[in-house]
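# A look at the structure
Take a look at the letters that make up each chain.
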Amino acid sequence: MSFVEKRSAPVPVEQAKTSGELFGVDTPDDEPLTRETALKVSAVFACVQLLSNAIATLPVDTYRRVAKRRRPIEPPAWLIKPNPDIGRITFFGQIMTSLLLEGNAYILVSRAAGRVVALDVIPASMVEPRYVATRSGRKRLVYQLSVAGEEEPSDVVGALDPKDVLHLQGLSLAGDLRGVSPLKAASLTIGSALSALEYSGDFFKDGALPGAVVNVPGPMTPEGLKAARQTWRNIHRGRGNRHGLAILTEGATFQKVTISPDEAQFLETRQFQVPDVARLFGVPPHLIADATNSTSWGSGLSEQNTSFAQYSTRPWVERIEEALTALLVADTGDAKAFVRLSLDAIQRGAIKDRMETYRVGLASGIYTRNEVRALEDLPPDTEYGDYFQLPLNLALLTPDGPLSLSGGKTTSEPDDEPDDTADETGTDPATDADETDDESADKPKENAPVDH
């Protein structure tokens, strides 16, 4: 029997609680479709680990927008170390794991004297956002907390106000207060992978399929079977006898047993499930060690890595930035403050790409040399490192004008040449004429005398 055959009638998807019920497979030790059982699938574990680690290790900075420019400000203590028990990387990793597996992340905000002092990620299974009616007849959003037992219904233990909870949602449906849980939305995909995993484990662990068979015509006594088996082992067992010549007598024949195509189908199924799960999380398959249908080097791989940063990580990063920015504004009272996670750090491992980016940024006047050196954890250039460079001759732009690297102003500057238009008093006739025209623009013009 192959693993695709059903041993019992499956139940509807919306009623299925286990992969066995979903696929009609009777496994007495079958487990519910939870985040723990989903992580047993290597592709799910790899995708969740990749995305959570990539985002959790991004540098986090705080800024204040001033006159369309951002100025760095000192980050609050709760952003550097969210609570005394865990650090920033673990904190962001918990947020991402909750979002990727359950579609929601709930962060409990603890305050003292009105200021934020700690952040804790609450398991999504314990929180249910819902509306409650107030005495005035209006509805108010609360986050209901519950503790669920293994075999008992959940017990409501309290409710949190929205100001005490940061709620991050994944894919959202209109009118729904919670994000869509990938475990429920992709229960068929993950459940199929779990069933194939369980079948392969049972097949190789408890299977009774022998490696070869010796057919002997006619009946044999138990003593004869035992003696024949022992004789075969004595002759052919061992490193030096594994390829020895076998001589069969009494009409016996040797037949090697191979796995049937139906039984081998689960190998192809498990191979297909890797890109299927990668598609679910938006991860290029080669990043979880599957380069079956994609290039493994060169520009194709670079483009896939770029798309991973743009389409896989950026949406999650912006969700986190939006939630933390709202908390920063509420905590500091500064409406112009915001939080940024630097996606440039994803490309930090490719030194050639980094150097090319810096070169273009320097030549275009986007970066100063000290900004580039700071990105590479190098000491600043105290003399000229804070000046921008001109694209053509790499001169330094100072407040007094372009300055060559050898010192002094460039010879092409107009300030170094005499101004022929200025008179002896130092005034510019053209400028004076312009000002005179501006002052007399509103006066009526008199007719000029005409010579006859």
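Conventions and cut-offs
Along each chain, residues carry numbers from 1 onward, in the same order as the chain's sequence is written. Thresholds applied to this predicted model are a pLDDT of at least 70 for local features of residues and 80 or more for the giving and counting of side-chain atom pairs; totals over whole chains, interfaces and linings are not thresholded and use all residues. Computation of side-chain values: all heavy atoms of the structure, hydrogens and water removed. Working definition: helices are DSSP H or I runs of at least four residues, strands are E runs of at least two. Numbering for both runs from the N terminus. Three labels apply to residues, based on accessible area from a 1.4 Å probe with only protein chains included: buried if under 20% of the type maximum, exposed if over 50%, partly exposed otherwise in between. Computed with the Shrake-Rupley method and a 1.4 Å probe, the accessible areas treat only the protein chains shown as cover for residues. Each pair of aromatic rings taken from Phe, Tyr and Trp, with Trp reduced to its six-membered ring, is defined by centres within 6.5 Å and is described as stacked if the planes are under 30 degrees apart, edge-to-face if over 60, and tilted in the remaining cases. Lysine NZ or arginine CZ positioned within 6 Å of the ring centre and within 35 degrees of the ring normal marks a charge as sitting over the ring. Here the expected length of a helix is defined as 1.5 Å per residue gap, with one fewer gap than residues. In this context, the arc is that of the directions from the helix axis out to the C-beta atoms. Contacts are residue-level and defined by heavy atoms, with any inter-residue pair within 4.5 Å sufficient. Two strands qualify as a pair provided that DSSP identifies no fewer than 2 bridges between them. Grouping buried Ala, Val, Leu, Ile, Met, Phe, Trp, Tyr and Cys residues that are joined through side-chain atoms within 4.5 Å yields what is termed a nonpolar core. A fitted line through C-alpha atoms represents every axis, and for helices the fit uses only the stretch in contact; the resulting angles, taken between N-to-C directions, go from 0 to 180 degrees. Polar contacts, as counted here, are pairs of nitrogen or oxygen atoms within 3.5 Å of one another; within protein the pair requires one atom able to donate a hydrogen and one able to accept it, and residues that are adjacent in sequence qualify only if both atoms are side-chain atoms. What pLDDT expresses is the predictor's confidence in each residue, scored from 0 to 100. Salt bridges are defined as contacts in which a side-chain nitrogen from Lys or Arg sits within 4 Å of a carboxyl oxygen from Asp or Glu.

## Brief notes about the overall build of the protein chain
Assigned secondary structure in the protein chain consists of 13 helices and 14 strands. Looking at the protein chain as a whole, 31% of its 452 residues qualify as buried. In the form shown here, the protein chain has an accessible surface area of approximately 29800 Å², with 54% of it arising from carbon and sulfur atoms.

## So, unusual backbone geometry
Non-glycine residue A113 carries a positive phi angle of around 55 degrees. Residue placement: A113 occurs in the loop between β3 (104-112) and β4 (115-122). The exposed category is assigned to A113, whose relative accessible area is 88%.

## Points about the packing of aromatic side chains
For the structure shown, the criterion picks out five aromatic pairs. For the ring pair F91 and F92, a centre distance of 5.5 Å and an interplane angle of 75 degrees mean the geometry is edge-to-face. The same class applies to F91 as to F92, namely buried. Both rings, one in Y358 and one in Y367, keep their centres 6.3 Å apart while their planes meet at 80 degrees; by these two values the pair is edge-to-face. We classify Y358 as buried; its relative accessible area is 9%. Its end group placed over the ring of Y63, R70 keeps NZ or CZ at 4.3 Å from the ring centre. Lying over the aromatic face of Y131, K139 brings its terminal NZ or CZ to 4.5 Å of the ring centre.

## Topic: helix α11 (residues 351-363)
Quick reminder: α-helices carry 3.6 residues per turn. Residues three or four places apart thus point the same way. For α11, built from 13 residues, the straight-helix expectation of 18 Å at 1.5 Å per residue is met to within 8% by its first-to-last C-alpha distance of 18 Å. For α11, the complete set of buried residues consists of R354, Y358, G361 and L362. Angularly, the buried residues of α11 cover 95 degrees about the axis, an arc narrow enough to put them on a single face. Residues of α11 that are buried sit in contact with α12 (369-375) and β12 (388-389). Where α11 terminates, the next one or two residues include G365, which has phi positive at roughly 75 degrees.

## Quick look at the pairing of strand β11 (residues 337-341)
The element β11 is largely enclosed, with a buried count of four among its five residues. Inspection of the sheet shows strand β1 (residues 60-66) paired to β11 by five bridges, in the antiparallel sense. Within β11, the residue paired with V60 across the bridge is L341.

## A few points about helix α5 (residues 88-102)
Helix length check: α5 (15 residues) gives 21 Å between terminal C-alpha atoms against 21 Å at 1.5 Å per residue, within 8%. For α5, every residue scored as buried is listed here: F91, F92, G93, I95, M96, S98, L99, L100, L101 and E102.

## Structural notes on the nonpolar core
Most often, soluble globular proteins have nonpolar side chains that are buried together. V44, F92, I95, L168 and F281 are the most contacted members of the largest nonpolar core, which totals 49 residues. It is helix α10 (residues 299-332) that contributes the most residues to this core, eight residues altogether. Y106, V127, Y143 and L145 belong to the second largest nonpolar core, which has eight residues in total.

## Things to note about the sheet that holds β4
Whether parallel or antiparallel, the strands of a sheet pair through hydrogen bonds between backbone atoms. Strands sit in the order β4-β3-β8 across an open sheet of three strands; the sheet is antiparallel. One side of each edge strand has no neighbouring strand; the edge strands of this open sheet are β4 and β8 (165-169). Within the sheet, the average angular offset between the axes of one strand and its neighbour, ignoring direction, is 25 degrees. In terms of strand pairing, β3 meets β8 through five bridges, oriented antiparallel. In the sheet register, Y106 faces β8, and the bridge partner there is H167.

## Section: the side chain of E102
Tracing the backbone through its elements, the reader meets E102 in helix α5. Assessed through its relative accessible area of 15%, E102 is described here as buried. Separated by 3.4 Å, the side chains of E102 and R35 make a polar contact. Excluding its chain neighbours within four sequence positions, the residues that come into contact with E102 are R35, T97, A124, S125, G179, V180, S181 and P182.

## Here's the deal with the sheet that holds β1
If you walk across this open sheet you meet the three strands as β2-β1-β11, and the pairing is antiparallel. At either margin of the open sheet sits one strand with a lone partner, and together these are β2 (69-72) and β11. Adjacent strand axes in the sheet meet at a mean angle of 45 degrees, parallel and antiparallel pairs treated alike.

## Side note on the confidence of the model for the protein chain
Interpretation of this model should avoid reading the predicted coordinates in detail wherever pLDDT is low. Confidence in the prediction of the protein chain, expressed as mean pLDDT, is 74, and 65% of residues score 70 or more. In this model residues 16-20 is a low-confidence stretch, pLDDT under 50, and it forms 18 contacts with partners more than four residues away in sequence or in other chains.

## Some points on the pairing of β2
Of the strand pairs in this sheet, β1 and β2 are connected by four bridges, and their pairing is antiparallel. Paired with V66 across the strands is R69, a residue of β2. With antiparallel pairing between neighbouring strands as the criterion, β1 and β2 make up a hairpin whose turn holds two residues, including A67 at a positive phi of roughly 50 degrees.

## Some points on the pattern of salt bridges
Across all of its chains, the model carries 12 salt bridges by this definition. The closest approach of N and O atoms between R314 and E318, which form a salt bridge, is 3.2 Å. Of the two residues, R314 and E318 both sit in helix α10, four residues apart, roughly one turn of that helix. Residue R314 is classed as partly exposed on the basis of its relative accessible area of 36%. The network of salt bridges with common partners includes R35, E36 and E102.

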